[in-house]
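# Structural features, examined
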Amino acid sequence: MDFLQDYLTAVKQKDLYRRNLTYEPIDAAHVRFDGKTYLMLASNNYLGLTHHPAVQQAACKAINQYGTGSGGARLTTGTHPEFAELERELAAFKGVEAVLVFNTGYMANVGTISALMGPEDVIFSDELNHASIIDGCRLTKARSVVFRHSDMQHLSQCLAQAPEKSRKLIVVDGVFSMDGDIAPLRDIVELAEQYQAMVMVDDAHATGVLGQGKGTAAHFGLKDRVHIQMGTLSKALGAEGGYVAGSRPLIEYLINKARSYIFSTALSPATIAAARAALSLIAQDPAIVAKLLDNAAFMRAGLRTAGLQVDEGETPIIPVIVGSAATAVRLADELRQAGLIIAAIRPPTVPEGQSRLRITVSAAHDQQELGQAIEKITAAAKRLGL
Ligand SMILES: *Cc1c(COP(=O)(O)O)cnc(C)c1O
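## Digging into helix α12 (residues 269–284)
If you check α12, its first and last C-alpha atoms are 22 Å apart, about what 16 residues at 1.5 Å a residue would give, namely 22 Å. Taken together, the buried positions of α12 are occupied by Pro 269, Ala 270, Thr 271, Ile 272, Ala 273, Ala 274, Ala 275, Ala 277, Ala 278, Leu 279 and Ile 282.

## Re the sheet that holds strand β14 (residues 355–360)
Read from one edge of the open sheet, 3 strands run β11-β14-β13, paired in antiparallel fashion. Strands at the two margins of the open sheet, each flanked by one partner only, are β11 (317–323) and β13 (343–345). The mean angle between the axes of side-by-side strands here comes to 30°, regardless of whether they run parallel or antiparallel. Two strands pair when backbone bridges link them, and β11 and β14 are joined in this way by 6 bridges, in the antiparallel orientation. Opposite Ile 317, over in β14, you have Thr 360 as the bridge partner. Sitting on the sheet, helix α13 (residues 287–305) touches β11 and β14, and the angle it makes with β11 is about 30°.

## Remarks on the domain arrangement of the protein
We note that the domain assignment places domain 1 (15–44 + 286–383) and domain 2 (53–284) within the protein. For domain 1 and domain 2, the distance between their C-alpha centroids amounts to 26 Å. With 16 residues of domain 1 at the contact, the number on the domain 2 side is 17 residues. Summing both sides of the interface, domain 1 and domain 2 together bury roughly 1,400 Å²; the carbon and sulfur share of this comes to 66%. Linking domain 1 with domain 2 are 1 salt bridge, by the criterion used here. Between Arg 356 and Asp 179 there is a salt bridge, with the nearest N and O atoms lying 3.1 Å from each other.

## A short note on the nonpolar core
Leu 47, Val 101 and Leu 233 are the most contacted members of the largest nonpolar core, which totals 41 residues. Sort the elements by how many residues they give to this core and α12 lands first, with 9 residues. Of the domains in this structure, domain 1 (15–44 + 286–383) and domain 2 (53–284) are the two that each give at least three residues to this core.

## Let's talk about helix α6 (residues 131–139)
Every α-helical turn comprises 3.6 residues, leaving residues that sit three or four positions apart pointing alike. By the burial criterion, the buried members of α6 are Ser 132, Ile 133, Gly 136 and Cys 137. Taken end-on, α6 shows its buried residues confined to a sector of 145°, consistent with a single buried face. Along α6, the residues that are exposed and aim more than 90 degrees away from the buried face are Arg 138 and Leu 139. Looking at the buried side of α6, the elements it contacts are α5 (105–116), β5 (122–126), β6 (143–147), β7 (168–173) and β8 (198–202).

## Comments concerning the pairing of strand β3 (residues 36–40)
Relative to β3, strand β2 (residues 30–33) runs antiparallel, the two being bridged by 4 bridges. Along β3, the bridge assignment pairs Val 31 with Tyr 38. With antiparallel pairing between neighbouring strands as the criterion, β2 and β3 make up a hairpin whose turn holds 2 residues, including Asp 34 at a positive phi of roughly 50°. Two strands pair when backbone bridges link them, and β3 and strand β12 (residues 340–341) are joined in this way by 2 bridges, in the parallel orientation. Paired with Met 40 across the two strands is Ile 341, which belongs to β12.

## With respect to the sheet that holds β2
Here we have 4 strands laid out as an open sheet, ordered β1-β2-β3-β12, and mixed in their pairing. Edge positions in the sheet fall to β1 (24–25) and β12, since each has one partner strand and no second.

## Description of the packing of aromatic side chains
Counted according to the given criterion, the structure contains 3 aromatic pairs. Consider the rings of Tyr 23 and Phe 33, whose centres lie 5.2 Å apart with planes at 85°: the pair is edge-to-face. With a gap of 10 residues between them, Tyr 23 in the loop between α1 (2–13) and β1 and Phe 33 in strand β2 connect regions that are remote in the sequence. With centroids separated by 5.8 Å and ring planes inclined at 55°, the aromatic side chains of Phe 33 and Tyr 38 adopt a geometry described as tilted. We note that Phe 33, like Tyr 38, is buried. One aromatic cluster is present, formed by Tyr 23, Phe 33 and Tyr 38 through successive ring pairs. In this structure, Lys 12 is placed above the aromatic ring of Tyr 17, and the distance from its NZ or CZ to the ring centre is 4.5 Å.

## Quick notes on the packing of helix α4 (residues 81–94) against α12
Two elements in contact, α4 and α12, have axes whose closest approach is 9 Å; the angle formed by their N-to-C orientations is 25°. Comparing the axis directions of α4 and α12 gives the class roughly parallel. The handedness of the crossing between α4 and α12 comes out as left-handed. Contacts between α4 and α12 pair Glu 82, Phe 83, Glu 85, Leu 86, Glu 89, Leu 90 and Phe 93 from the former with Pro 269, Ile 272, Ala 273, Ala 275, Arg 276, Leu 279, Ile 282 and Ala 283 from the latter. Classifying every residue of the contact of α4 with α12 gives 11 nonpolar, no polar and 4 charged.

Rules and cut-offs
Every chain is numbered on its own, with residues counted from 1 as its sequence reads. Residue-level local features of this predicted model are given only where pLDDT is at least 70; pairs of side-chain atoms are given and counted only at 80 or more, and the full residue set underlies all totals for whole chains, interfaces and linings. With hydrogens and water set aside, each side-chain value is computed from the structure's full complement of heavy atoms. Put simply, DSSP marks the helices as runs of H or I at least four residues long and the strands as runs of E at least two long, and each gets a number from the N terminus on. In this analysis, the expected span of each helix is defined as 1.5 Å times one less than the number of residues it contains. Residue burial is assigned from relative accessible area. The probe radius is 1.4 Å, only protein chains are included, and a residue is buried under 20% of its type maximum, exposed over 50%, and partly exposed in between. Strand pairing is assigned whenever DSSP detects at least two bridges linking the two strands. Helix axes are fitted only over the stretch in contact, all axes being lines through C-alpha atoms; the angle between N-to-C directions runs from 0 to 180 degrees. Contacts are assigned to residue pairs with any non-hydrogen atoms lying within 4.5 Å of each other. Each domain span listed reflects an automatic or database assignment of domains. Once two parts are brought into contact, the accessible area they lose, counted with a 1.4 Å probe and summed over both, makes up the buried area. Between Lys or Arg on one side and Asp or Glu on the other, a salt bridge is scored when a side-chain nitrogen of the former is within 4 Å of a carboxyl oxygen of the latter. Residues enter a nonpolar core if they are buried and are Ala, Val, Leu, Ile, Met, Phe, Trp, Tyr or Cys, with the set joined through side-chain atoms within 4.5 Å. Directions drawn from the helix axis to the C-beta atoms are what define this arc. Between rings of Phe, Tyr and Trp, where Trp is taken as its six-membered ring, a pair exists when centres lie within 6.5 Å; planes separated by under 30 degrees are stacked, by over 60 edge-to-face, and by other angles tilted. Charge-over-ring placement is defined geometrically: NZ (Lys) or CZ (Arg) within 6 Å of the ring centre, and within 35 degrees of the ring normal. Note on terminology: angles under 35 degrees are roughly parallel, angles over 145 are roughly antiparallel, angles of 65 to 115 are roughly perpendicular, and the others are oblique. Handedness of a crossing follows from how the near helix is turned relative to the far one, being left-handed for an anticlockwise turn of less than a right angle and right-handed for a clockwise one. Residues are sorted three ways: Asp, Glu, Lys and Arg are charged, Ala, Val, Leu, Ile, Met, Phe, Trp, Tyr, Cys and Pro are nonpolar, and all the rest, Gly among them, are polar.

The structure is reproduced here in structure tokens:
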């Protein structure tokens, strides 16, 4: 099995080697590592709800009442009442007919796309879509057409070239996970209507963030024109899991056809109870979402003022493009020594030559700490000549 070591040596030489570092969470914004405390700027825990007392108590109460594991898949062992409640509450929050919870966002994308699309069909996928969308496309026998990032002219050309009678699906990240920009959903919906295509939006980074927490479609006032709204419970909602929101026939179809839903043991009741508590906090008081966006704006403005190349965006995902994988890793290492956890993102997650620091901000951060982080990031970047 020499190929194992050969591969590992090759990725190390290209600065693309990946390893797990063990960080012990202290609260929603800090972790401990080797006896030292670090500020976490690499988490998608956008609202800090993993450590909200109401969310923690809901999970503990569910464990005490119902036990730990779910024991089986929902269609065989039975759906736990917590699931039924969460799906009802999430549908009401999103203003759709129905919702189906999957075990992860990854499984929601893979299961939904592969259930909807067959050999005669065409999928139109943004080139920067998340890996789980790409893998969903790969699982189908449908043709995948990759269009240039948020390039509506290119999407329009691709749609025009597809067979008129084929079933068509346009799929995009609502907020792109490594760039933090927002998909031009209004234009996408208009093209979709012109070419009779379905629209699917991945709200992994928009749930709890955009549209008062309701996602990208709500942000643009388009919820009734987006057919499939996928999202996660694992990021801003501080739990785990994925969901698909849409019409009742869509949800019934997925229950019958999505293999990642059918053939996997359900999440634990404690996870679902935590997600319900988090959702109820967001639904009752959007101030927490406003705090997140305020912190994101503070971080973006601070980095820009200090002279770093950062877009004027609105989301809490803030990339600082550095170019080579080696530089990204070096910068992330230096910043860790300075007390900041920031992810170095390299190929194949992002294109060659576009390695970056991916800074994520949370409502749990305080602006004094963010201010110190801005100084450290800027100083380290300048030392590397960026
Ligand atoms: C994180 C993410 C997913 C996967 O969600 P998980 O719950 O982590 O499996 C899907 N799409 C996008 C855009 C993501 O960032």
